[in-house]
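Working through the structure, step by step
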Amino acid sequence: MIFSPEFRDRARKFRKNKRAFRSFIILCALFAATLPAELFFNDRPIVIRIDGTSYFPVFKDYTYEDMGGGLNVPVSAYRSTMFNEFLAGKTPIVQTAAMYGGGTGTDDAAPLELVTYEQGPPRKVWMLWPAIPHSYKSSPRSETLVNQRLASPFATTRDGKLIPGASEARHLLGTDKYGKDVLARLVYGFRLSLLFGLALAITSTILGSIIGGIQGYFGGAVDLVGQRGMEIWGAIPRLMLLMILSDFLSRQGEFTGATHLLMLFVIMNLTSWMGMAGHMRAQFLRARNLDYVRAAKSLGVSNPMIMFRHILPNSLTPIITFLPFSISGAIMALVGLDFLGFGLKYPAPSLGDLLSQGQQHMEAWWIMIPAFVTLTSLMILLTFIGDGVRNAFDPRYK
Amino acid sequence: MWSYIVKRLLLMVPTGIGIITVFFVISEMVPGGPLDQVESMIIEQANIGQGGDGADASGQGAQRIKIDPQMRMQIKRKLGLNYNMFERYMRSLVWCGRDSLISSVELDVGKAQKITFRNERYQVYRDADGFHLFKNAATVNGESAAIRFDRTDRHFASVLDDTIRFDPITGAQLDGPSSLEAVETELLARNFREADYGSDGSRITVTETRDELYLKASPWRTLTDWDNWHGMFLLKFPISITQNKKCIELIRDRLPISMRLGIISFFLTYSLCLVMGISKASKNGSTYDSVTSVMVLIGYGTPGFVLAVFLIRMFGPGSDAIAHLIPLRGIQSPPEIYNQLSWLGKLWDNIHHLIGPITCLTIGSFAGLTMLTKNSVLEEFHQLYAVAARARGLSKRRVLYKHVLRNSLIPLVTGFPARFVMMFFAGSLLIEKIFSLDGLGLLSYTALIERDYPLIMSNMFIFTYIGLICKLLSDIGYVIVDPRITFEGSKS
């Protein structure tokens, strides 16, 4: 789309607003920095070179067979004893069924005695590890599990006992109540929240524009019925409705991981379009009586065409003005749901879950304070941006 | 104007119907329906309550807890599941119909028969001497006939008229069938469609107890009796499943706490915003103006419940808080401490408990009002009358306070009534949960956690209507304060 001079003028006005523009830059930088979080926070090496062949475990799951022989068993943990033995030249050849099903993580996939090895020459290995060897879901090694729960940053002892492997664990912000790295969860959670908020803002803008546009453009009975429907739907307290639907969802079936996230996204879309629809309805209601629309109508242009090609480009102001606030609203709704336990399921990285852990475990300042700082600064940045956008784009704020 | 108000009020009716419908559909869609949910919840609770030692020697402790048919029937009655779906739905809107009076019948062979009526105020015992009627007779055995029966109760009187006569004082049977078998046949034939005998034959559990006698009563009598009317539109709210109280009573009990929070944060917000808005307008463009702008924006951005968690952690009673400024939970100290305090101590105790919640509730609400005040003061300052007053040599202060201020408060005052009422119910669910304040927000939350459907529905209904009425009030406020606004042209 070619931007109109008016739009460029407003964008310049936004850029001149130092507070808003800097917030925008900071937020973009943070987002860009957390986007490749897998490369910096992961329990798998980025590149692993074995006898001249390169593998990229971050992007692809490998089996021992892929990596040069042995069993057709997925490598689930790149720090496990089994994998280390493999690198030292031992090729696993026989194993019992119990070996299957080791999740991701640094935990050993299976007891060693269940595996039979074939001794070979040591492999030539070169590995590039991410800076922090934890992802949001890596669980600690089983022998350290109990001690690693709620360990403060760089803790080496717990209740007088040494935490095994504490020094190389590099938990810069300690661990949460399941022994997972707080910093990794924070970074992944930040990225997820922002992506979720952005996606929700976009879909709800589209939905709201369609619904509001149809109401405003056709007016009359369509508008009256639509308004009543929106009143009913909007009158139900949003958080309560989301909680009911999410509760319903969690008992409806076993959704896990990405599917659950998607379902959550869908139910949040059910309520989030309302604000946008109101604005777009007003825009279309006004525009339908303007000369250019009448002219288009008298020329026989179809209704969808008028709405999409003529009115919509002239009604972008509320869309742009509303966007930062609808992102922050979406993020807060997700965080609120997570905080109450109605949101994402545990291993998923969630800022709301970190916050609620911080509330439950008052002694764990390394959970609560980072979560608070992240959430608050994210919201404040979005508010600053939203304020700047509104000042630049909304003629009433000139 | 009046026609507008009437129109708006009429449009609230479909809104209410819609809300109930939406919620009805959601609660019906839940797998297994509400009955299964409640039953599994009761079993869960019983299992937790029993703990380890509750398990019998048979080793099947967890599985042994079963809901007997009688209990199931009582749950069904509470949920209204003894009616068909249409009637259930209509009963939450508007419905006129007689309820069955009898909620359970127990028959112990060789002993008295106990009939418990719906309102649980009467019990009928039958033994060899005939029927005995007791009011509020919880621990009655066949002999203690001393409790008086209130003959004026309409429900019972109408049952009485058609079946058996009792002595109003002693509760002894006066006439009607006299032999045990005859009475039993009579009761079963006339009052109950279906009866279940326990496997040992000792107990009757009535599964379908629509009272035939009531069906026989004249329609006029049914219609004129207010007790027969149901539905939230008549402000008759159902009974909560978990708390065994009328939902409206539960809401009423929680209201004072929500109101206290609301009123305080309302006055705090308004007074601070007014002062800040006016001073910002008079120092427009100064450092003070920009600093306060950033501050209110930061406040607007900070999510209240996130701040609440932070405040409790950093300033709460925890062992490694920075300073112990706010208590952990509640709206007052526990009564045994609170009652010993002097009035000054009580006052401080209240304030002390309110600091945290009020901060978190109001932090986000400054931005909008402050900027509104500032903008409207500035706008008025540029009006001709203000410019003229300045040109005639009046000081800026004088123009501000004598001329501009009153006009610029119009947009603020219009929002006043709606905001004031809204604030009664403003308690945020999240903040009330974090600070453990027993207000309406927490009530909704616990209702949701415990899947107390009638309570959730009543809550939503009341909240919605208050919201709608507030919207109407604020629209009316506009017209009253500013006569330039009319609604006649607002259609297009």
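Everything discussed here concerns the structure shown above.
Source: prediction; values computed, not measured.

Any aromatic ring pair is given by two values, namely how distant the centres are and how the planes are angled relative to each other. A complete count under the given rule lists 20 aromatic pairs over all chains for this structure. With 5.2 Å between their ring centres and 75° between their planes, Phe266(B) and Phe267(B) make a pair best called edge-to-face. Grouping aromatic residues by their ring pairs yields a cluster made of Phe233(B), Phe237(B), Phe461(B) and Tyr465(B). Just above the ring of Phe86(A) sits the side chain of Arg123(A); from NZ or CZ to the centre is 4.2 Å. Its guanidinium or amino end placed over the ring of Tyr288(B), Lys283(B) lies 4.8 Å from that ring's centre, counting from NZ or CZ.

Turning next to the sheet that holds strand E5 (residues 125-128) of chain A. Adjacent strands of a sheet form backbone hydrogen bonds with each other and so pair up, either parallel or antiparallel. Residues and elements named next belong to chain A. Here we have 3 strands laid out as an open sheet, ordered E2-E1-E5, and antiparallel in their pairing. The two strands at the open ends of the sheet, each matched to only one other strand, are strand E2 (53-55) and E5. Across the sheet, the mean angle separating the axes of adjacent strands is 15° when strand polarity is ignored. Both strand E1 (residues 47-50) and E5 contribute to a ladder of 4 bridges, which runs antiparallel. Note that in E5 the partner of Val-47 across the bridge is Leu-128.

Before going further, it helps to spend a moment on the interface of chain A and chain B. Counting residues at the interface gives 42 residues for chain A and 47 residues for chain B. Both faces considered, chain A and chain B share a buried interface measuring about 4100 Å² in area, 81% of it formed by carbon and sulfur atoms. Taken together, the connections running from chain A to chain B amount to 0 residue pairs in polar contact (both at pLDDT 80 or more). Residue contributions to the side of chain A that touches chain B peak at 11 residues, all from helix H16 (residues 365-393) of chain A. Across the side of chain A that touches chain B, the residue classes tally to 30 nonpolar, 5 polar and 7 charged.

Attention shifts here to helix H22 (residues 453-481) of chain B. Between its terminal C-alpha atoms H22(B) stretches 42 Å, which fits the 42 Å expected from 29 residues at 1.5 Å a residue. With respect to burial, H22(B) is a largely interior element, 22 of its 29 residues being buried.

Before going further, it helps to spend a moment on a nonpolar patch on the surface. Residue and element names in this part refer to chain A. Residues Leu-198, Ile-202, Ile-206, Ile-210, Ile-214, Phe-218 and Val-222 make up a contiguous nonpolar surface patch of roughly 580 Å² in combined accessible area. Per-element accounting of the nonpolar patch gives the leading share, 6 residues, to helix H7 (residues 182-218). Checked against the element boundaries, Leu-198 lands in helix H7. When its relative accessible area of 35% is taken as the criterion, Leu-198 is described as partly exposed.

What counts and what doesn't
- Residues numbered from 1 in each chain as written.
- Chains lettered and ligands numbered in written order.
- Predicted model: local features only at pLDDT ≥ 70, side-chain atom pairs only at ≥ 80, totals over all residues.
- Heavy atoms only, no water.
- Phe/Tyr/Trp six-rings, centres within 6.5 Å; stacked < 30°, edge-to-face > 60°.
- Lys NZ or Arg CZ within 6 Å of the ring centre and 35° of its normal.
- Pairing = 2+ DSSP bridges.
- Helix = DSSP H or I, 4+ residues; strand = E, 2+ residues; numbered from the N terminus.
- Axes fitted to C-alpha atoms, helices over the stretch in contact; angles between N-to-C directions.
- Contact = heavy atoms within 4.5 Å.
- Buried area = accessible area lost by both parts, 1.4 Å probe.
- Polar contact = N/O pair within 3.5 Å; in protein donor to acceptor, adjacent residues only side chain to side chain.
- Nonpolar A, V, L, I, M, F, W, Y, C, P; charged D, E, K, R; others polar.
- Expected span 1.5 Å × (residues − 1).
- Buried < 20%, exposed > 50% of the residue type's maximum accessible area, 1.4 Å probe, protein only.
- Patch = residues over 30% accessible without salt bridge, like charges linked within 9 Å, V, L, I, M, F, W, Y side chains within 5 Å.
- Areas by Shrake-Rupley, 256 points an atom, 1.4 Å probe, with all protein chains shown as cover.
- Salt bridge = Lys/Arg side-chain N within 4 Å of Asp/Glu carboxyl O.

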